[in-house]
Amino acid sequence: MTYAIHKAAVIGSGTMGGGIAALLAGIGVEVLLLDIPAKDTQPGDPADKRNAIVINNLKTLQKMRPSQLFSEHDMALISVGNTDDDLHKLADRDWVIEVVVENLAIKQSLMARVAAAIGPHTIVTTNTSGLPIHDIASQFGEDFTRRFMGTHFFNPPRYLHLLEVIPHSNTDPELIAFMQDFGSRKLGKGVVICKDTPNFIGNRFMSMTGMQAMNYALDHGFTVEEVDAITGPLIGRPKTATFNLNDLVGFDIAVHVARNLYPAIPDDPARDVLAHAGSAELSEYMLANKMLGRKTDGGFYKMIKADGKKKNSGRSIWRPASTNRPKRSNLRVSASIRKSSRLVNASVCCSMKPIVLPNTSGIITLSIWHTHPTACRKSPIAFSTSIMPRNGALIMKWVPLKSGTQSA
Ligand SMILES: NC(=O)c1ccc[n+]([C@@H]2O[C@H](COP(=O)([O-])OP(=O)(O)OC[C@H]3O[C@@H](n4cnc5c(N)ncnc54)[C@H](O)[C@@H]3O)[C@@H](O)[C@H]2O)c1
């Protein structure tokens, strides 16, 4: 079987679906973008009413900065529809990618409808952040599963280099090779083939470190801004750091991903980090109050409107009430290396094995696993950052680790 992708369908037009549609249109692929029909509409209502959700999401996409679209002209390649009226249009698609909420039952029931609508050679993938690929396809026979796999893009899809490809045990080996080639040569991604293990590679690590930072901040009275100041560019990570990343991802998604992970890893000694009482309470509160991040009025940070566009105000909504809060002066970078090291180290210890480099400086050497965007161009998975405070100065060192390795 020779595979090719000229026409795709993306189902789910939220944070990731819109971005993936823009990425595909940017390389000349015709994209059908679907979402659920708008509430209180009936089949036969005008298409713009029926498709209000996907249309609004596309408008949001066009306003996003940095831009998800390579060019405004790419919009001409994106058509819209809804999953009640337009599923039959999947029949002529080369690739259908499911990008709906991170909920197994919803994905399974949608997949059953997709399977009934696709053509005999359509490739079907899921963008799940970590639900088992086998479980999503558990109801299908070999005819479907040989064309099925996970393709996990990272947010925002245009800019983040890593693409995890997670084959089902029945996936046609030719299709795996095709997707690896398409992902790297056509989409320009760093493709890593992953095993179907809980949360695959990136999110197995990120869920743990993200939750650990939140737990630590709550227990020790760090503010959102302080944690982000310490866990962002200072240690070679993107400026979204910890809490701002949750706002970018969508806090509901981050919570679903962490909650799905806990029961899936009963033997992982680090999993208790996902069950911190304070973080669970805060998560409940934020979900109940729709504090989901950039897609609502804010999450950890408040969003403001300026020039008709939503912007991160840089001010956090939430403040910790801990009595353990260190004195402000201790939080200044020059004087706080021990504290910041502890915060980072705490993240590291709870995730995968940290690589500890030889401590040549004789002071403190701290290493963290990391997916650095620049570094990732060479090796999409693992890099180690070494932070050595010497006379109050920070020395950062990038050490490439083995590329393309599996985490668990
Ligand atoms: N947000 C991230 O940073 C991120 C990164 C990588 C992977 N993912 C994964 O991508 C998927 C989507 O995440 P998201 O952040 O875009 O979510 P989102 O909440 O922003 O968007 C989900 C969209 O799916 C639509 N939807 C829900 N049920 C549907 C159905 N049955 N049929 C059609 N559309 C439906 C919703 O209306 C919404 O527009 C999830 O599996 C998530 O885990 C998210």
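Since we're looking at a predicted model, the values are computed, not measured.

Conventions used here
Residues numbered from 1 in each chain as written. Predicted model: local features only at pLDDT ≥ 70, side-chain atom pairs only at ≥ 80, totals over all residues. Helix = DSSP H or I, 4+ residues; strand = E, 2+ residues; numbered from the N terminus. Buried ≥ 20, exposed ≤ 12 C-beta atoms within 10 Å, placed from the backbone. Contact = placed C-beta atoms within 7 Å. Axes fitted to C-alpha atoms, helices over the stretch in contact; angles between N-to-C directions. Parallel < 35°, antiparallel > 145°, perpendicular 65-115°, else oblique. Nonpolar A, V, L, I, M, F, W, Y, C, P; charged D, E, K, R; others polar. Pairing = 2+ DSSP bridges. Right-handed = clockwise from strand over helix to strand, strands pointing away. Core = buried A, V, L, I, M, F, W, Y, C linked by C-beta atoms within 7 Å. Domains from an automatic or database assignment. pLDDT = per-residue confidence, 0-100. Near = placed C-beta within 6 Å. Expected span 1.5 Å × (residues − 1). Arc of directions from axis to C-beta.

**Q** What am I meant to see in the overall build of the chain here?
**A** Across its full length, the chain holds 14 helices and 13 strands. With 408 residues in all, the chain has 45% of them scored as buried. Taking contacts inside the chain between residues at least 6 apart in sequence as the whole, the part at least 24 apart equals 64%.

**Q** Help me out: how do you make sense of the packing of helix 8 (residues 202-220) against helix 12 (residues 277-288) in this one?
**A** Any two packed helices are characterised by how steeply their axes cross, that is the angle between the axes, and by the distance between the axes. In the contact formed by helix 8 and helix 12, the axes pass within 9 Å of each other and the chain directions differ by 100°. For the element pair helix 8 / helix 12, the angle class is roughly perpendicular. Every residue of helix 12 that contacts helix 8 at Met211, Met214, Asn215 and Leu218 is listed here: Gly278, Ser279 and Leu282. Broken down by class, the residue content of the contact of helix 8 with helix 12 amounts to 4 nonpolar, 3 polar and no charged.

**Q** Help me out: how do you make sense of the pairing of strand 1 (residues 7-11) in this one?
**A** It is a general feature of regular strands that their side chains alternate between the two faces of the sheet. In terms of burial, strand 1 is largely enclosed, as 4 of its 5 residues are buried. Note that strand 1 and strand 2 (residues 30-35) share 5 bridges and pair parallel. Following the sheet pairing, Ala9 is matched in strand 2 by Leu32. Regarding topology, helix 1 (residues 15-26) serves as the crossover connection from strand 1 to the parallel strand 2, and that connection is right-handed. With 4 bridges connecting them, strand 1 and strand 4 (residues 95-98) associate as parallel partners. Pairing of Val10 across the sheet is with Ile97, part of strand 4.

**Q** Can you help me understand the nonpolar core in this one?
**A** Nonpolar side chains tend to gather and get buried jointly when the protein is soluble and globular. Membership of the largest hydrophobic core comes to 87 residues, with the highest contact counts inside it found for Val10, Ile20, Ala21, Val31, Leu33 and Val96. At 9 residues, helix 8 tops the list of elements feeding residues into this core. Among the domains, domain 1 (7-193) and domain 2 (202-400) are the pair contributing at least three residues each to this core. Apart from the residues within four sequence positions on either side, Val96 is in contact with Ala9, Ile11, Leu90, Val114, Ile118, Thr122 and Val124.

**Q** What exactly am I supposed to notice about the environment of Gly250 here?
**A** Relative to the helices and strands, Gly250 is located in the loop between helix 10 (243-249) and helix 11 (251-264). When the 22 C-beta atoms within 10 Å are taken as the criterion, Gly250 is described as buried. With residues near it in sequence (within four places) discarded, Gly250 still touches Thr15, Leu292, Gly293 and Lys295.

**Q** Help me out: how do you make sense of the sheet that holds strand 4 in this one?
**A** Sheets are built from strands paired through backbone hydrogen bonds, the pairs being either parallel or antiparallel. What the 8 strands build is an open sheet, ordered 3-2-1-4-5-6-7-8; its pairing is mixed. Looking at strand neighbours, the two that pair on one side only are strand 3 (78-82) and strand 8 (190-193), the edges of this open sheet. Strand-to-strand twist across the sheet, computed as the mean angle between neighbouring axes with direction ignored, equals 25°. Lying on the sheet, helix 3 (residues 52-63) is in contact with strand 2 and strand 3; it crosses strand 2 at an angle near 120°.

**Q** Sorry if this is basic, but what is going on with the confidence of the model for the chain here?
**A** Where the model shows low pLDDT, its predicted coordinates should not be examined in detail. With 78% of its residues at a pLDDT of 70 or more, the chain has an overall mean of 81. Predicted confidence is poor over residues 326-408, with pLDDT under 50, and the contacts of this stretch with residues over four places away or in other chains come to 140 contacts.

**Q** Would you mind showing me how to read the site of the ligand here?
**A** Inspection of the region around the ligand gives 28 residues, with Gly12, Gly14, Met16, Ser129 and Asn155 positioned closest. Within the residue set of the shell around the ligand, elements represented by two or more residues are helix 1, helix 3, helix 4 (104-117) and helix 11. Both of domain 1 (7-193) and domain 2 (202-400) provide at least three residues apiece to the shell around the ligand.

**Q** What is the right way to read helix 7 (residues 173-186) from this model?
**A** Side chains three or four residues apart in an α-helix point the same way, a direct result of the helix having 3.6 residues per turn. Here helix 7 is 14 residues long and its end C-alpha atoms lie 19 Å apart, about the 20 Å a rise of 1.5 Å per residue gives. Taken as a whole, helix 7 has its buried residues at Leu175, Met179 and Phe182. Buried residues of helix 7 fall within an arc of 65° about the axis and therefore sit on the same side. Those residues of helix 7 that are exposed and aimed more than 90 degrees away from the buried face are Pro173, Glu174, Ala177, Asp181 and Arg185. Where helix 7 is buried, its residues touch strand 5 (123-126), strand 6 (148-153) and strand 7 (162-167).

**Q** Before we go on, may I ask you to explain helix 9 (residues 224-231) in this structure?
**A** Taken across its 8 residues, helix 9 has 6 buried, putting it largely inside the fold. Every buried residue of helix 9 is accounted for by Val224, Glu226, Val227, Asp228, Ile230 and Thr231.

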